[in-house]
Amino acid sequence: MPDTMRTPVFHILLALAREDLHGLGIAQSIDSTTDGSVQLGPGTLYRSLKEMLRDGLITEVPAPRPGDDPRRRYYSITAQGQDAVRAEASRLERVVQVARDADVLPQAR
């Protein structure tokens, strides 16, 4: 995996760290948690999901509730995905601290 994670992958993993979701649910979760500042179009979302499945960051799982639309594919974060999202969050935390030390961002309270 590269030194930095692509933004869509990071946000998809964050969404799946909370709960198993289908594609539209992932997009809605990201939109909600970022107050609309990150929006994934269908092409970006489904291409990222395909790559993340291939890379072992997520896995496809059965629908969580009986009666859910059988056409929807649900995804769950894997242990490898959890490790990757933690590593990226830690890297970003260090970047933010560098910005604070440079007086680009205010110090945390």
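Residues numbered from 1 in each chain as written. Predicted model: local features only at pLDDT ≥ 70, side-chain atom pairs only at ≥ 80, totals over all residues. Heavy atoms only, no water.

Participant: Before we go on, may I ask you to explain the packing of helix α1 (residues 7-18) against helix α3 (residues 42-55) in this structure?
Facilitator: To characterise two packed helices, one gives the angle between the axes of the helices and the distance between these axes. With their axes 10 Å apart at the nearest point, α1 and α3 run at an angle of 75 degrees to one another. Judged on the interaxial angle alone, α3 and α1 are roughly perpendicular. On α3, the residues touching P8, V9, I12 and L13 of α1 are T44, L45, S48, L49 and M52. Here the contact of α1 with α3 is composed, by residue class, of 7 nonpolar, 2 polar and no charged. (Axes fitted to C-alpha atoms, helices over the stretch in contact; angles between N-to-C directions. Helix = DSSP H or I, 4+ residues; strand = E, 2+ residues; numbered from the N terminus. Parallel < 35°, antiparallel > 145°, perpendicular 65-115°, else oblique. Contact = heavy atoms within 4.5 Å. Nonpolar A, V, L, I, M, F, W, Y, C, P; charged D, E, K, R; others polar.)

Participant: Can you help me understand the sheet that holds strand β3 (residues 74-77) in this one?
Facilitator: One key point about sheets: their strands pair by backbone hydrogen bonds, in either a parallel or an antiparallel sense. One open sheet accounts for 3 strands, arranged β1-β3-β2; its pairing is antiparallel. Whereas interior strands pair on both sides, the edge strands pair on one side only; in this sheet they are β1 (21-22) and β2 (58-61). Both β2 and β3 contribute to a ladder of 4 bridges, which runs antiparallel. When the bridges of β3 are listed, E60 appears paired with Y75. Of the strands in this sheet, β1, β2 and β3 are in contact with α1, which crosses β3 at around 90 degrees. (Pairing = 2+ DSSP bridges.)

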